[in-house]
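# Structural description and commentary
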Amino acid sequence: MAALRRGESKRPTGAKSDAEGQSRGRFSSSPGLLFVVQKHQGRSLHYDFRLEEHGVLKSWAVPKGPSLDPVVKRLAVAVEDHPLEYADFEGNIPEGQYGAGPVMVWDRGPYTPESSDHAAASLENGELKFVLHGKKLHGSWVLIHTRNNHWLLIKQPDAYASSEDVTRLKPRSVLSGRTLSEIATMGEARRTSNGPGEGEDIQTKQAHQRRQK
Ligand code: MN
């Protein structure tokens, strides 16, 4: 599924057929950019929030995970860009490698930058507003730069804002339905029709080795 979206994102927007627009329903205006939130038990538990931008995944580590409550500002620490392929990774980062521990695809889907500018310009300016079309996260969000590599991830008030604790109420993988501890004990990503194949899994691990530090 992610591969399909990536393919679509490379296509000129004008090239979409009407049928395609209809099949994508309310996402029809989306240029097909991908977001993913990976729950990761490294040295400490965090949620890696990643947005596709210029062929890579811009990434932030969010220790407490996203909150649906617009009054809650969640610290998001900018980390290295990751390759797009990493959005498919669910499994265990082996002992001895940076970030060793289980990784879950906690949420994933298309996102749309709210500004007409390219997301890159908004990131340079330290404020990026975007709409998420995930399985768990929806509606309008903003990332605001504060200092150094510190940003804040905040839900914008809209119909999807809520005081419910989404990380507690929806703890399972959107790829496999597993919890993080099940991933830790069961090992490699379950192979599903839209999940990564074995070869891809190895590639994404190598990518992780290259990109993480
Ligand atoms: Mn991480």
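All values derive from a computational prediction rather than experimental measurement.

What follows deals with the overall build of the chain. Within the chain, the secondary structure is distributed over six helices and nine strands. Counting over 213 residues, the chain shows a buried share of 32%. For the chain, contacts bridging at least 24 residues in sequence account for 56% of all contacts bridging at least 6.

One ladder, built from five bridges, connects strand S3 (residues 56-62) with strand S4 (residues 73-83); its direction is antiparallel. Looking at S4, one finds that valine 56 is bridged to proline 83. Of the strand pairs in this sheet, S4 and strand S9 (residues 150-155) are connected by five bridges, and their pairing is antiparallel. From the neighbouring strand, arginine 74 faces S9, where its bridge partner is leucine 153.

What follows deals with the nonpolar core. By size, the foremost hydrophobic cluster in this structure holds 35 residues, and its most contacted members are Phe49, Ala76, Leu132 and Leu153. If you list the elements that add at least two residues to this core, you get strand S1 (33-41), strand S2 (45-53), S3, strand S6 (101-113), strand S7 (127-133), strand S8 (138-147), S9 and helix H5 (180-186). No other element matches S6, which puts five residues into this core. Setting aside its immediate chain neighbours within four residues, alanine 76 contacts Phe49, Trp60, Val62, Leu143, Trp151, Leu152 and Leu153.

To continue, consider the environment of asparagine 149. Take asparagine 149: it is sitting in the loop between S8 and S9. Along the backbone, asparagine 149 and tryptophan 60 are 89 residues apart, and their C-alpha atoms lie at a distance of 9.0 Å. Contacts of asparagine 149, omitting those with residues within four sequence positions, involve Val77 and Ala78.

This paragraph deals with unusual backbone geometry. Even without being glycine, histidine 54 reaches a positive phi, approximately 50°. Here histidine 54 lies in the loop between S2 and S3. The backbone phi angle of asparagine 148 is positive, close to 50°, even though this residue is not glycine. Relative to the elements of secondary structure, asparagine 148 occurs in the loop between S8 and S9. Asparagine 148 sits in the exposed class, given 8 other C-beta atoms within 10 Å.

Each value, and the rule that gives it
Residues numbered from 1 in each chain as written. Predicted model: local features only at pLDDT ≥ 70, side-chain atom pairs only at ≥ 80, totals over all residues. Helix = DSSP H or I, 4+ residues; strand = E, 2+ residues; numbered from the N terminus. Buried ≥ 20, exposed ≤ 12 C-beta atoms within 10 Å, placed from the backbone. Contact = placed C-beta atoms within 7 Å. Pairing = 2+ DSSP bridges. Core = buried A, V, L, I, M, F, W, Y, C linked by C-beta atoms within 7 Å.

As far as function goes, none of this settles anything; it's purely spatial.
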